[in-house]
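Inside the fold
Here are the chains, one letter per residue:
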Amino acid sequence: MNTVVLVNEQDPESLELGAYYATARGIPQRNIVRVSVPTTPDIAPSAFTNLVVQPLLDHLVAMDLDGQIDFAAVAWRNPY
């Protein structure tokens, strides 16, 4: 319950892996954070903030998870 899973909507393997991990660990659907990030090998810090960090923070507030999450599992290969 104190973990979110970040999945990249632009990467089918990310969606599959995220769903598998959440099911295996009993992580509820409200703890799955869907972001849309290019699958290039790297990403600029400002793009990471805009495409990953801010959507994550927004999701935590929207799902009333703010202050309850200790871990984030990132389910994608790229960007890294």
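One structure accompanies this document, and this report is about it. These figures come from a predicted structure and were not determined experimentally.

Here we come to the environment of N31. Tracing the sequence through the fold places N31 in the loop between α1 (12-25) and β2 (32-35). With a relative accessible area of 1%, N31 lands in the buried category. Residues N31 and A72, spaced 41 residues apart in sequence, show a C-alpha to C-alpha distance of 9.5 Å. Among all residues touching N31, those that are not within four sequence positions of it are M1, T3, V4, V5, L65 and I69. Side-chain polar atoms of N31 contact the backbone oxygen of M1, separated by 3.3 Å.

Turning our attention to the pattern of salt bridges. Per the stated rule, a full pass over the model turns up two salt bridges. Taking the shortest distance from any N to any O, the salt bridge between R34 and E9 comes out at 3.8 Å. In this pair, R34 sits in strand β2 while E9 sits in the loop between β1 (3-8) and α1, placing the two residues 25 residues apart along the sequence. Note on E9: relative accessible area 44%, which makes it partly exposed. For E13, the salt bridge identified is with R77, shortest N-O distance 1.9 Å. Here E13 is found in helix α1, whereas its partner R77 is found in the segment after β3 (71-74), with 64 residues between them in sequence. Accessibility expressed as a relative area gives 58% for R77, which makes it exposed.

Right, let's get into the nonpolar core. Within the largest apolar cluster, ten residues are counted, these being V4, L6, V33, V35, V37, V52, L56, L60, L65 and W76. At the level of elements, β1, β2 and α2 (45-62) are the ones that each hand at least two residues to this core. Among the elements that take part in this core, α2 stands out by supplying three residues, more than any other. Leave out the neighbours within four places in its chain, and L65 touches R30, N31, H59 and L60. In terms of nonpolar packing, the next biggest core, distinct from the first, is built from seven residues, V5, V7, I27 and I32 among them.

Another aspect to go through is unusual backbone geometry. Following N78, the chain continues into P79 via a peptide bond in cis, with omega recorded as 0°. Located in the positive-phi region is D64, a residue other than glycine, with phi close to 55°. Within the element layout of this structure, D64 appears in the loop between α2 and β3. D64 sits in the exposed class, given a relative accessible area of 57%.

What counts as what
Residues numbered from 1 in each chain as written. Predicted model: local features only at pLDDT ≥ 70, side-chain atom pairs only at ≥ 80, totals over all residues. Heavy atoms only, no water. Helix = DSSP H or I, 4+ residues; strand = E, 2+ residues; numbered from the N terminus. Buried < 20%, exposed > 50% of the residue type's maximum accessible area, 1.4 Å probe, protein only. Contact = heavy atoms within 4.5 Å. Polar contact = N/O pair within 3.5 Å; in protein donor to acceptor, adjacent residues only side chain to side chain. Salt bridge = Lys/Arg side-chain N within 4 Å of Asp/Glu carboxyl O. Core = buried A, V, L, I, M, F, W, Y, C linked by side-chain atoms within 4.5 Å.

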